[in-house]
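As a plain string of letters, each chain reads:
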Amino acid sequence: MSQLFETRPDDDGLPGPERRLAVLALILGTLMAVVDTTMINIALPSIAAGLEVSASRAVWVTNLFQISCAAFLLVFAALSELVSRRRIYVAGVGIFTLASLGSALSTSLESLLVFRALQGLGAAATLSIGPSLYRSIFPSRLLGSALGLSAMVVAGGYAAGPAIGGVLLSVADWPWLFALHLPLGAVAVVLAWKALPREAGRRGGFDLAGALLSVAMLCGFFVAMDGVGHGMPAGRVAAWLFLSIAAALLFLRRQRRASHPLMPLAIFREPRFSLALVAQGTAFVGQGLAFVALSFLFQSDMGFTPLETAWLFTPWPLAIMLVGPRAGRLADRVNPSLLSSAGLGLLLVGLALLARLDAEAGVVDVLWRMLLCGVGFGLFQPPNNRELMSTVPRERSANASGIMSTSRTVGQSLGVALVGAFLATGMPVQATLWLGALATLLALGASLARVPLAGAAQREQRLSKEATRGEGRRG
């Protein structure tokens, strides 16, 4: 860990000592957004009882946060170029914290939903530019290590959220879950304003039409996916999908013409970026699908309680916490596409083994399979994120970060929706896990396709550095 804060003469990014406060600000902002998602899921029954609403209405406390967050990822990533990433990040944490206070004080579902939507906006602002800020804070030689740290923080948040929610609800009412964010948010705002890199915003306008089309496209998609998972009538699902597709076509047309596009299409001309994006999206389809399908498998087929099910999931994020930082450090030295491909291979094997579980399987049978999946995902994600962020020009880092966050969220939502659609047809849970394995196989294919490209790029960089050193010695 200490190597992340060492300074070398030719380093870009912030000096070593300044990186500590900057990365602490990123960790706090990320943890609040990630922990909130899993923590509030645990509290939905308590919220429903406290506000005297049905469980189906209380679900929107989670849904609206996710839709609001996902729909604005691209918007905030592009807006950060205009007003600077530091200002967007500070504003995002501030909005999230104030909306947490409003959520804690809400006495009706309607007011709670308004503040949850605002929380989603704040989370979108921080999550959309987080990876690009890591690239600005740390030197290029440590980018993989920094993104490994980010993966560890996200996995830790997912692992800790249910436990934090359960402990707090055992001694206090649900509003205290939101109040928990207040001191953390205040510290994160001060640290972010003080420590994040200062940069000048670019001149020029903002693609407002593209932003509106982006929000319509993503809102339509996520509402449709949520409807598939919760039994929305087919006609309404089709209408939301039609809205999403129509907005997507108009959005792409707009991006070709806009002087400052929300999502520069030229970024996809780099094959390593595009293949890494496909690998990420399909891998998150597999993970999102597996998490929901395994909940049904463990409880409905194998007879575990909800609390036991929560503990059965812990090896997956814990393995990511342990493996992710090491995989990130290794990706700074060896071909990151090879590491990502090896991780996807392990994830594929783990999902196939989970799909073969029967109702009589014991706890140990489950735990080592979940651990294998977590090791695979931890080995895949940081090196793949390094490819996504390092293969685009530095001035496009914010755009790449927003696209990366959107791809991840779309993949997870699609995976969840596919579970609902398959279970609605009466298919067994194991069949949905095989579908997750298929998505992971597609991700593996995309990852393997970029291995020679990444290897050639590494050799070129090595030769360039050697040539630079040789010129320096001659000079």
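About the criteria used
Residues numbered from 1 in each chain as written. Predicted model: local features only at pLDDT ≥ 70, side-chain atom pairs only at ≥ 80, totals over all residues. Heavy atoms only, no water. Helix = DSSP H or I, 4+ residues; strand = E, 2+ residues; numbered from the N terminus. Buried < 20%, exposed > 50% of the residue type's maximum accessible area, 1.4 Å probe, protein only. Areas by Shrake-Rupley, 256 points an atom, 1.4 Å probe, with all protein chains shown as cover. Lys, Arg positive; Asp, Glu negative; His and termini not counted. Charge placed at Lys NZ, Arg CZ, Asp CG, Glu CD. Expected span 1.5 Å × (residues − 1). Polar contact = N/O pair within 3.5 Å; in protein donor to acceptor, adjacent residues only side chain to side chain. Contact = heavy atoms within 4.5 Å. Core = buried A, V, L, I, M, F, W, Y, C linked by side-chain atoms within 4.5 Å. Patch = residues over 30% accessible without salt bridge, like charges linked within 9 Å, V, L, I, M, F, W, Y side chains within 5 Å. Salt bridge = Lys/Arg side-chain N within 4 Å of Asp/Glu carboxyl O. pLDDT = per-residue confidence, 0-100. Phe/Tyr/Trp six-rings, centres within 6.5 Å; stacked < 30°, edge-to-face > 60°. Lys NZ or Arg CZ within 6 Å of the ring centre and 35° of its normal.

## What to know about the overall build of the protein chain
Regarding its fold elements, the protein chain presents 19 helices and zero strands. Considered along the principal axes of its C-alpha atoms, the protein chain spans approximately 75 × 45 × 45 Å. By the burial criterion, 55% of the 475 residues in the protein chain qualify as buried. Of the roughly 20,200 Å² that the protein chain leaves accessible, carbon and sulfur atoms contribute 67%. A distance of 9 Å separates the average location of the 37 positive side-chain charges in the protein chain from that of its 25 negative side-chain charges.

## Quick look at the environment of Ser259
With respect to the helices, strands and loops of the structure, Ser259 is situated in the loop between α11 (234-257) and α12 (271-301). Classification of Ser259 by relative accessible area gives exposed; the value is 68%. Each C-alpha atom, one on Ser259 and one on Ser100, is 37 Å from the other, the two residues being 159 residues apart in sequence.

## Here we look at helix α5 (residues 85-105)
Taking 1.5 Å of rise per residue, 21 residues should cover 30 Å, and α5 covers 30 Å from first to last C-alpha, within 8% of that figure. Among the 21 residues of α5, 15 are classified as buried, and the element is accordingly described as predominantly covered.

## Here's the deal with unusual backbone geometry
A positive phi is found at Glu52, a non-glycine position, where the angle reads about 60 degrees. Tracing the sequence through the fold places Glu52 in the loop between α1 (16-51) and α2 (55-58). The phi dihedral of Ser84 is positive, around 90 degrees, even though this residue is not glycine. Structurally, Ser84 can be placed in the loop between α4 (73-83) and α5.

## As for the side chain of Thr30
Summarising the element assignment, Thr30 is placed in helix α1. Engagement of the side chain of Thr30 in a polar contact is seen with the backbone oxygen of Leu26, the distance being 2.9 Å. Aside from chain neighbours lying at most four places away, what touches Thr30 is Tyr89, Leu127, Val153 and Val154.

## Thoughts on the nonpolar core
Within the largest apolar cluster, 72 residues are counted, with the highest numbers of intra-cluster contacts made by Tyr89, Tyr134, Phe138, Leu196 and Phe273. Counting 37 residues, the second largest nonpolar core, distinct from the first, contains Ala155, Ala290, Leu348 and Leu357.

## Overview of a nonpolar patch on the surface
Together, Ile95, Val114 and Leu118 line one region of the surface with nonpolar side chains, adding up to about 230 Å² of accessible area. Assignment of secondary structure puts Val114 in helix α6 (residues 109-137).

## Some remarks on the confidence of the model for the protein chain
When pLDDT is averaged along the protein chain, the result is 84, and 94% of the positions lie at 70 or above. Mean pLDDT across the elements of the protein chain ranges from a minimum in helix α19 (residues 451-474), with 66, to a maximum in α5, with 94.

## Re the environment of Ser108
By secondary structure assignment, the location of Ser108 is in the loop between α5 and α6. Of the residues examined, Ser108 reaches a relative accessible area of 27% and is grouped as partly exposed. Between the alpha carbons of Ser108 and Gly156 there is a distance of 32 Å; along the sequence they are 48 residues apart.

## Things to note about the environment of Gly13
With respect to the helices and strands, Gly13 occurs in the segment before α1. C-alpha separation for the pair Gly13 and Leu250, spaced 237 residues apart in sequence, amounts to 38 Å. With residues up to four places along the chain from it excluded, the contact list for Gly13 reads Ser136, Ile137 and Phe138.

## Observations regarding the packing of aromatic side chains
Counted according to the given criterion, the structure contains nine aromatic pairs. With 5.3 Å between their ring centres and 85 degrees between their planes, Phe221 and Phe222 make a pair best called edge-to-face. Each member of the pair Phe221 and Phe222 is classed as buried. Ring geometry for Phe298 versus Phe304: centroids 6.4 Å apart, planes at 90 degrees, classification edge-to-face. Residue classification places Phe298 among the buried residues on the basis of a relative accessible area of 0%. Clustering of aromatic rings is evident, with ring pairs tying together Phe284, Phe377 and Phe380. The ring of Trp193 is capped by Arg86, whose NZ or CZ atom sits 3.7 Å from the centre of that ring.

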